[in-house]
Every structure is written in structure tokens, then in C-alpha cells.
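Residue-level structural notes
Single-letter residue listing:
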Amino acid sequence: MRILHVLDHSLPLHSGYTFRTAAILREQHVQGYETLQLTTPRQNGGDATEEDADSLRFHRTPLAPGGLDALPGGRYLREMAATARRLDDLLTQWRPDVVHAHSPVLNALPALRVARRHGIPLVYEVRALWEDAAVDHGTTREGSLRYRASRALESWVLRRADHVTTICEGLRREIVARGVPAGRVTMIPNAVDPREFTFGVPADAALRAKLGLAGKRVIGFAGSFYGYEGLDLLVDAFATLARKRAGLALLLVGGGPQDEALRVQAAARGLADRVIFTGRIPHSDVQRYYELVDVLAYPRRSMRLTELVTPLKPLEAMAQGRMFVASDVGGHRELVRDGETGFLFKAGDADALATTIAKVLDDEASWPHIARAGRRFIEDERTWSASVRRYRDVYGAVATGVRVPGVGLVAGATAGTATSAADVPLRHRAHPRRRRDADGHARHSRHPRLHRRSGCAGDALAHGRDHAPPGPRRRGPARRRPGRHRHAAALHHRPRRRPPAAFQRGRHAVARRQWRDLQLSRSRARAH
């Protein structure tokens, strides 16, 4: 089976996003899939149209200079247009069985449009919600106009994708709450390859000496220095511990937007010589730095992003049998069994973090048991082989599904067998207030009366009929009512009905035309 992946960015850039992507692609190749990878202009790859990174080939989307960047959202529009053109070319040349777009929604919008044009099903993978990520990066605030617009776009695509995959239970619940049927959402959880993380390996003595950590207990963090990671809390907690424990050091591996602020904070606390910053390192060397750490710390702050999304870092720690403490945000609670595979503390509380770290350091006798439990959890439940295997049912369902008028894509149906409501499971039938075109595409109207008499297939299916209503109902002579014209009954004529307020506004030109057509058809029916 051929899968075309549409990605925000990829290797050689380093992030949890790119590492998940690389792991999925490698495992799909092992499982027999053919894949082609396209990144959007946000990769910043210059004019190159292809690039090899870590034995994987990625197709790039160059972005020519344009004049829309000064307008609000202009840059996004240009990026989506460029992605659509590039994707259209690749679909024509390669003709995959499934288009698989990955977060953010800026990838899914052009992918949905182009995939529909080519008649190819779309799977959309939500790794994080765009509006929540923007809040963390400081480009907007929760509840702002941009936030609400981003949320609306995300929900619009989620309801129209043929299937939605996501990385954790928190995001799955959020997607279902937005109106996507639970049967059309599949969780493909984050995982690790245990073969990449050796268990119980002693630390590299030369690297320990080079960093000045010989003979010291080490608390550590490895990853990107974003605000939501709460690393400022870790520095505060370390300052509390350092006053009582002379042989303690803090090792921060990585870099990011908070790098400089953390260095200033450590210096202000008088800890410049006890907090070691390594800068960014090659991903292949991460294991060596993990081995230097006695207790890893993941002090994520509580916000929508961290409550919904699960990180990779605790899984990597468990794969190596490392001790770690993590804040009790939803993403961590989904992964960590407190006291069994790791330790949780109250999010946002530096004192609670310091207390939990001290407790773990003082209970070294329990480390072997916890290390084995964490490794066993990874091997039993969180390997990439097991996670990627879940795509098989998703791809198979959308690739063999048939679009039924008024219903959309029906998984597992075959051509010629699903043509009416009797052939379609109840969960696939159209909503009574939703119209659909011949491709099963939802078209909403705000007025339910319009659907009851408009003869739309979606309405017929929603009410359990295998055919559309014959048309407007015939009415008998109009009854005389107060305020009506005295000759109305004799002429079989009713005064024109006033459209609902929503139709009178200029935003609903199509709906207004539908209303006028409905009134005309009623008048003709009464005339006969």
C-alpha cells in the first residue's frame, strides 16, 4: 500500500515531531508500506525540492517571495497554496492509496482539498491542537479572535477527514467532543524502539569527567527548552536541594527559547558552577547523556497543551530504566504509574518537585524494581512496532471504503453494495440538519425546515428512508387567520413567509437562494 505523508517539518531538524515521524516511517517500511514524504514551506529548506536525512528522502516545498505576508494570515495562505500545488503534482505522479496529513491544520487544509480532487481518502493525524500550541509560543492568547478562528478551522477539518488518528487519549476525547464519531478516531500512541535504548548500561566515565560530574549525584533534563516544560521550576527546586546536598549537580541537555533565561536564572541563584548546559547534541548521543543522570525531571506546567498531549521523554526514560519525576499534568498521568514506573508531583509547585526528587534520591533501594517495571511497560505496550501496526486497520478501512451520497465514506463497503440507508450502519447516517453533496461532503444549513422538505439525500438517510422525500407537501386551502388578506383563502394564496434572520444576513447568499427556491416550489404546489 502506498501512503503519502504531509508533514510540517522533518529531519534533519530535531524535535519530538520529527523523531515520531522518522520512527513511523522506518517502521512502516519494515511492515511493507511504500511511503513518500512531503514537508511544507515551514521546513525552511530553501529552493531544494528533495533532501535526504538519516536514510529517509523528503520532498520539500519551496516558497517564492510574495506580497501577502504583510496581511494578517497572508503568510499562511501562501504556504497552504504552495503546499497544495506541490501535493497536486506528487499525487499525479505517484498516485498513493491514502494521503496522510499530520498536524498542524495548515497541512490538513490543502491536503483535504487536493485529495478530494484526486478521489483519494485523507487520514489526518492530530499531534497537538494548533490553537493551544500558539498560546504556548506566545503568538496568541486563549479566547482571542485568532484562537477561536484556529479552533474553528481545526474542527472543520476534523469533521471532514475520512479518518482521524491522534497520539493520546486526551486528544482523542477532545476530538470526539468536537463532533467526530468515536469510531472514526484511532489512537496511535507515542512509543520508543527499545533496541535504541540499552538497559542498565554504566555511565561513560570520560564524558562524566569532561562535564565535571565525577563523584556527583546528577539531576537532569534532556529536550527542548520551551516555556511549558517548566525548567525554571526545576532550577528553583535545585536551588533548594543544593543548599542541603553539596554533591548535587543539574545537567540540562538541549536548547530552545528559554535557554538564555535559564542561564541568567542559574547565575542569579549562585548556581552557575553547578548547573551544566550542554547545548544541543546529536540525537544518536542522547543515550550517553541519559546514562550520566541519576534522576530525570519533567516539570511541565499545567495548560491545555500539556494536559492533552503525551510527551516522548518519560517513555525514553523508562526504556533505559532511569529514575524520573514528572508533574501530574494529564499527559504525564496517562503514561506514568506513580510509584511503580515513575514518580509524580503537583504541577507548578517547585517545593513539591524538590521534595519528590529528595524522596527518590533517598530511596535508592527501590530503583531496580522501578527500572524493571518501566522497561516491562515499554516492551509490552509502547513499542513503535505495536503502535504503527494500528495504522493497518485505519488505512485498510479508508482505502476500501465507498462514498455513499448523503453519508460520505463508509468504511469496509464495496462498490455497488452501499447505496441506501438499509446498507449503511446507523452510526454512518447523515445528521438531520446536515446536507451532503454527491461526494458525501457535509454542507450545513442553520434551518432544519429547509432540510425536511428540500429532498436532500442526507435527510432521507437520517430518518431511515432509502429515498428522498418526493418534494414539498401539498397543503389544503389556506385557513383564514387574523391579519391575513380577505381573499387569501379564495386565491389559495398565502402571504410570503419571512425567512429566518440567519438567512437575511449577507453571509448566507446560498441559503437565501435555497429559501427563495423553496418558497417558489410551495407556491407552485399550492397552485396545482
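For the structure itself, consult the block above.
Heads up: these notes are all about the structure in this document. Since the structure is predicted, the reported quantities are computational estimates derived from the model, not experimental observations.

Observations regarding a nonpolar patch on the surface
Together, Leu68, Leu71 and Leu77 make up a nonpolar patch on the protein surface, roughly 280 Å² of accessible area in all. If you trace the backbone, Leu68 turns up in the loop between β4 (56-59) and α2 (74-94). Judged by its relative accessible area of 38%, Leu68 falls in the partly exposed class.

Here we look at the packing of helix α3 (residues 105-118) against helix α5 (residues 145-160)
Between two packed helices, both the angle of their axes relative to each other and the distance between the axes serve to describe the pair. For the pair α3 and α5, the least separation of the axes is 10 Å and the interaxial angle reads 40°. If you check the angle between α3 and α5, you find them oblique. The two elements α3 and α5 meet at a crossing, and its hand is left-handed. On α5, the residues touching Val105, Ala108, Leu109, Leu112 and Arg116 of α3 are Leu153, Glu154, Trp156, Val157 and Arg160. Along the lines of polarity and charge, the residues of the contact of α3 with α5 split into seven nonpolar, no polar and three charged.

Details of the pattern of salt bridges
Within this structure, the stated rule accounts for 33 salt bridges. The salt bridge partner of Glu79 is Arg42, with a shortest N-O separation of 2.6 Å. Of the two residues, Glu79 is situated in helix α2 and Arg42 in the loop between β2 (34-39) and β3 (50-53); the sequence distance between them amounts to 37 residues. A salt bridge links Glu364 to Arg217, with the nearest nitrogen and oxygen atoms 2.4 Å apart.

Overview of the pairing of strand β10 (residues 248-255)
Of all eight residues in β10, eight are buried; the element is thus mostly enclosed. Pairing geometry for strand β9 (residues 217-224) and β10, over eight bridges, is parallel. Looking at β10, one finds that Gly223 is bridged to Gly254. Handedness of the β9-helix α8 (residues 231-242)-β10 crossover: right-handed. Pairing between β10 and strand β11 (residues 275-279): four bridges, direction parallel. If you follow Leu251 over to β11, its bridge partner there is Ile276.

Side note on α3
Taking 1.5 Å of rise per residue, 14 residues should cover 20 Å, and α3 covers 20 Å from first to last C-alpha, within 8% of that figure. With 11 of 14 residues buried, α3 is to be regarded as a mostly interior element. Taken together, the buried positions of α3 are occupied by Val105, Leu106, Asn107, Ala108, Leu109, Pro110, Ala111, Leu112, Val114, Ala115 and His118.

As for the pairing of strand β7 (residues 163-166)
Residues of β7 alternate between two faces, with His163 and Thr165 on one and Val164 and Thr166 on the opposite face, all of them buried. Inspection of the sheet shows strand β6 (residues 122-126) paired to β7 by four bridges, in the parallel sense. Residue pairing in the sheet places Val126 in a bridge with Thr166 of β7. Judged from the three bridges that link them, β7 and strand β8 (residues 185-187) form a sheet pairing that is parallel.

Some words on unusual backbone geometry
The omega torsion across Leu11 and Pro12 is 15°, close enough to zero to call that bond cis. Relative to the helices and strands, Pro12 is located in the loop between β1 (2-7) and α1 (16-30). Non-glycine residue Ser55 carries a positive phi angle of around 70°. Locating Ser55 in the fold gives a position in the loop between β3 and β4. For Ser55, a relative accessible area of 70% corresponds to the exposed category. With phi around 50°, Arg95 is a residue other than glycine that occupies positive phi space. Structurally, the position occupied by Arg95 is in the loop between α2 and β5 (98-102). With a relative accessible area of 45%, Arg95 lands in the partly exposed category.

Section: the packing of aromatic side chains
Within this structure, the stated rule accounts for seven aromatic pairs. Ring centres of Tyr33 and Tyr395 lie 5.6 Å apart, and the angle between their planes is 80°; this geometry places the pair in the edge-to-face category. Of the two residues, Tyr33 sits in the loop between α1 and β2 while Tyr395 sits in helix α17 (residues 391-400), which places them 362 residues apart along the sequence. Here Tyr76 and Trp130 contribute two aromatic rings whose centre-to-centre distance is 5.4 Å and whose plane-to-plane angle is 80°, an arrangement assigned as edge-to-face.

Some thoughts on the sheet that holds β11
Strands sit in the order β11-β10-β9-β12-β13-β14 across an open sheet of six strands; the sheet is parallel. Only two strands of the sheet have a single neighbouring strand rather than two, namely β11 and β14 (343-345). For this sheet, the mean inter-axis angle between neighbouring strands, taken without regard to orientation, is 25°. Sheet topology places β9 next to strand β12 (residues 295-298); two bridges connect them, and they run parallel. Each residue of the ladder has a partner; that of Gly220, found in β12, is Leu296. This element, helix α9 (residues 259-268), spans β10 and β11 of the sheet and lies at about 160° to β11. Running at roughly 160° to β14, helix α14 (residues 350-362) makes contact with β9, β10, β12, β13 (323-327) and β14 of the sheet.

Quick notes on the environment of Asp232
Summarising the element assignment, Asp232 is placed in helix α8. Asp232 sits 26 residues away from Gln258 along the chain, and the two C-alpha atoms are 8.8 Å apart. Those residues in contact with Asp232 that lie beyond four places of it in its chain are Leu262, Gln265 and Arg301. Here the side chain of Asp232 touches Arg301 through a polar contact of 2.6 Å, side chain to side chain.

As for the side chain of His5
Position of His5 relative to the elements: it lies in strand β1. Judged by relative accessible area, His5 falls into the buried class, the value being 1%. Setting aside its immediate chain neighbours within four residues, His5 contacts Leu25, Gln28, Thr35, Leu36, Gln37, Leu38, His100, His102 and Tyr395.

Concerning the nonpolar core
Within the largest apolar cluster, 80 residues are counted, with the highest numbers of intra-cluster contacts made by Ile219, Leu234, Leu251 and Val325. Among the elements that take part in this core, α8 stands out by supplying eight residues, more than any other. Beyond its immediate chain neighbours, meaning those up to four positions away, Ile219 contacts Leu234, Phe238, Leu241, Leu248, Ala249, Leu250, Leu251, Val293, Val295, Ala297 and Ile357. With 40 residues, the next largest nonpolar core counts Leu38, Ala111, Leu171 and Ile175 among its residues.

Conventions used here
- Residues numbered from 1 in each chain as written.
- Predicted model: local features only at pLDDT ≥ 70, side-chain atom pairs only at ≥ 80, totals over all residues.
- Heavy atoms only, no water.
- Patch = residues over 30% accessible without salt bridge, like charges linked within 9 Å, V, L, I, M, F, W, Y side chains within 5 Å.
- Areas by Shrake-Rupley, 256 points an atom, 1.4 Å probe, with all protein chains shown as cover.
- Salt bridge = Lys/Arg side-chain N within 4 Å of Asp/Glu carboxyl O.
- Helix = DSSP H or I, 4+ residues; strand = E, 2+ residues; numbered from the N terminus.
- Buried < 20%, exposed > 50% of the residue type's maximum accessible area, 1.4 Å probe, protein only.
- Axes fitted to C-alpha atoms, helices over the stretch in contact; angles between N-to-C directions.
- Parallel < 35°, antiparallel > 145°, perpendicular 65-115°, else oblique.
- Left-handed = near helix turned anticlockwise from the far one by under 90°.
- Contact = heavy atoms within 4.5 Å.
- Nonpolar A, V, L, I, M, F, W, Y, C, P; charged D, E, K, R; others polar.
- Pairing = 2+ DSSP bridges.
- Right-handed = clockwise from strand over helix to strand, strands pointing away.
- Expected span 1.5 Å × (residues − 1).
- Phe/Tyr/Trp six-rings, centres within 6.5 Å; stacked < 30°, edge-to-face > 60°.
- Polar contact = N/O pair within 3.5 Å; in protein donor to acceptor, adjacent residues only side chain to side chain.
- Core = buried A, V, L, I, M, F, W, Y, C linked by side-chain atoms within 4.5 Å.

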